[in-house]
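Each chain, letter by letter, is given below.
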Amino acid sequence: MLILALSNLTHRKVRTCLSILAVAISITLLLVLVGLSHGTLNEISQRMQSVEAEIIVRDRHFDLGSMSGGKLWEKEIEQILQLKIGTNPTVERVIPVFLGRMKLGGLSQNVFGVHPEDFSYFAGNRRILEGYLFTDIESPAQALARLESPNNPQTINYLPLLIDKRLSNAARLNVGDTTTFGDTMAQITGIVETGVAGRVFAPINMLRAANGISAKTAHLFFVKAGNNLNTDQLQQLCDEIETKTRRSANLVANYGQVLEQNFQNLTIFVGLVSVIALVICFLFILVTMHTIVLERSKEIAIIQSLGAARSMIMIQTIQEALIICILGCIIGIVMSFGAKWLIETYQPLMTVEMRLHWLLLAVLIGVVGGVLSALVPGYMALRRDPVEVLSFE
Amino acid sequence: MEDVLLKTEKLCKTFRQGRLETPVLFDIDMKIKRGEFVAIMGSSGCGKSTLMHILGLMLKSSSGRVIIDGLDTSALDDNRRARLRRDKIGFVFQRFNLLPTLNAYQNIAVAERIRGHCIDGQIWRALEAVQMTDKKQYKPGQLSIGQQQRIAIARAISHQPEIIMADEPTGNLDSSNSERILNLFSQIHRQQGITIVMITHSLTAAQWADRIIQIKDGRIVDH
Ligand SMILES: Nc1ncnc2c1ncn2[C@@H]1O[C@H](COP(=O)(O)OP(=O)(O)OP(=O)(O)O)[C@@H](O)[C@H]1O
Ligand SMILES: [Mg+2]
């Protein structure tokens with residue numbers, strides 16, 4: 001009885017449109033929230049995987065969320081370099097990264113402090129588009145001394161920064177622009193193609209100094225193993241590093257998972273908000289269907305007098321809810337792509353990911369929710385005595 | 001042997017609402033032959049509509065039996081009753097009960113679709129029988145009340161039911177419209193051989209019928 005469902009829906013256009021909009025908005029909320037959290041984490045993990053190294057080492061108390069916590073010491077590099085799997089020399093290079101934090105482009109950014117000679121491991125085949133790669137000072141202590149005497153004419157009294165193209169575009173920063181890192185002056189000295197692990201790089205010793213640290217500490221080690229190691233051996237190497245240094249070591253390839261585990265709270269929060277949005281949405285449909293059914297009790301009684309079975313009336317109620325939900329899902333998906341475009345245009349450092357199976361899942365949730373929220377009103381419609389409705393209404 | 005289409009045996013109905021009991025029908029025994037046009041008369045509140053709802057399987061009796069075309073309906077479940085109602089019975093109500101959001105044609109089409117077949121020709125024939133083919137695109141609100149009742153009749157006859165049950169079909173109509181509707185019933189009855197059970201409290205209307213059943217205080221007094 002599609003004709004009846006359709007005529008009911010078109011009879012009250014405003015209400016129908018509002019219901020469709022409610023479904024669309026909650027589907028959009030769901031897709032954008034999930035897409036944003038996964039997209040952003042995924043983008044970070046992809047950037048990490050662009051580093052030409054297989055293993056990432058960090059202190060057990062280092063928090064990937066805030067990028068802060070326990071530190072590593074550069075002298076541990078020696079220990080790792082000596083590790084062997086079988087007889088081959090195993091570790092080719094250990095690349096320390098000191099992380100700093102600064103505000104650029106309206107968002108808090110992690111600054112990757114690296115040795116200039118290590119930068120090629122981060123850049124891979126990505127080119128420096130403008131400016132040049134920074135140089136460093138031999139030790140953080142020297143750098144600190146220089147930063148602290150700004151009147152000395154020999155001083156390099158600013159922190160050179162290399163940023164990626166995406167940040168450069170988003171924050172409209174070009175080579176030569178100055179900014180600050182805490183109390184320290186900073187200047188953009190180069191722009192690199194997007195896709196490198198960090199959005200902002202600085203020379204490691206100067207970054208340490210800018211943070212007031214004179215010791216050779218680091219937050220992450222990227223370990224470049226010999227080319228001939230397979231995944232099992234790499235995993236074995238991870239374990240070796242963990243036992244030797246008592247730090248935690250993960251394969252860079254697994255970094256996405258590690259990140260997701262670390263952001264579990266975020267994922268739970270996003271899931272919770274989405275579920276609440278959906279529940280409210282389906283309550284809305286339930287109320288809408290309920291009023292539709294109440295308003296139509298006479299019509300339902302007429303249909304029963306014409307010999308419609310209970311199942312037919314139930315099916316018709318479900319059909320109406322389904323039409324609302326499916327239209328809502330379609331519009332919601334279109335709106336999500338709109339929201340993705342808006343977010344990525346006006347907040348270019350955020351990434352909203354859309355996966356086909358999320359879209360399908362959203363439609364499935366819409367359809368199942370629609371059917372469920374029609375069941376209660378449908379059942380109530382059937383409980384009314386048609387004779388009574390026909391005689392007294 | 002006489003061909004009985006509809007038969008009741010010791011039919012009783014008592015409405016119950018919590019502890020309140022309203023006995024309405026008592027030991028109704030009646031037979032309606034196939035092809036008969038019967039009028040049911042009685043004063044207001046005597047139980048005519050209740051009886052018709054039970055005969056039309058919209059309501060269950062408290063005790064006794066309703067036998068339609070040889071089939072005892074008291075044992076049937078709701079779905080079987082709905083199917084029987086769909087296939088054999090057509091209702092016409094005092095207040096027409098058309099679906100307001102659909103036009104005349106669609107109102108009949110919906111009934112046909114509930115019955116599982118929507119044959120354009122049948123709908124046309126029904127509209128022709130009530131002389132409403134030119135108004136098929138009109139919604140109930142755009143039709144006069146006499147025209148609405150004709151559409152309701154077309155809806156009741158489009159599937160060629162065995163029996164039409166009409167509850168005060170002329171109750172809302174003026175005398176000329178009433179006459180037209182009654183004429184229509186009589187025509188349907190004669191030409192298509194459909195059995196008609198019509199409730200009325202107008203003696204003029206009842207005189208169109210072959211036979212009058214009188215009900216008083218829930219009992220049949222004369223037939
Ligand atoms: N659902 C119900 N619950 C309780 N009592 C009811 C119910 N339906 C009908 N009645 C009672 O049954 C009695 C018969 O009602 P019914 O509608 O059959 O009368 P009627 O003969 O059709 O009257 P009228 O000519 O005014 O239409 C009335 O007293 C009415 O109050
Ligand atoms: Mg009545």
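Attention now goes to the packing of aromatic side chains. Residue and element names in this part refer to chain A. Taken as a whole and judged by the stated rule, the model has 6 aromatic pairs over all chains. Residues Phe112 and Phe122 carry aromatic rings whose centres are separated by 6.4 Å and whose planes lie at 85° to one another, so their mutual orientation is edge-to-face. Here the residue Phe112 occupies a position in strand β6 (residues 107–114), and Phe122 occupies one in helix α4 (residues 119–123), the gap between them amounting to 10 residues. In this structure Phe122 comes out as buried when scored by relative accessible area, which is 0%.

Further remarks concern the sheet that holds strand β1 (residues 4–17) of chain B. Residue and element names in this part refer to chain B. Overall, antiparallel pairing links the 4 strands, which are arranged β2-β1-β4-β5 in an open sheet. Pairing within the sheet leaves two strands with one partner each, and these edge strands are β2 (20–33) and β5 (71–72). Of the strand pairs in this sheet, strand β4 (residues 63–68) and β5 are connected by 2 bridges, and their pairing is antiparallel. Bridging from a neighbouring strand, Ile68 pairs with Leu71 of β5.

Before going further, it helps to examine the pairing of strand β8 (residues 158–164) of chain A. Residues and elements named next belong to chain A. For β8, the buried fraction is high: 6 of the 7 residues fall into the buried class. In this sheet, strand β10 (residues 184–192) lies alongside β8 in parallel orientation, the contact comprising 7 bridges. Opposite Tyr158, over in β10, you have Met185 as the bridge partner. In this sheet, strand β11 (residues 200–203) lies alongside β8 in antiparallel orientation, the contact comprising 2 bridges. Its bridge partner being in β11, Leu162 is matched across the sheet by Phe201.

Parameters at a glance
- Residues numbered from 1 in each chain as written.
- Chains lettered and ligands numbered in written order.
- Predicted model: local features only at pLDDT ≥ 70, side-chain atom pairs only at ≥ 80, totals over all residues.
- Heavy atoms only, no water.
- Phe/Tyr/Trp six-rings, centres within 6.5 Å; stacked < 30°, edge-to-face > 60°.
- Helix = DSSP H or I, 4+ residues; strand = E, 2+ residues; numbered from the N terminus.
- Buried < 20%, exposed > 50% of the residue type's maximum accessible area, 1.4 Å probe, protein only.
- Pairing = 2+ DSSP bridges.

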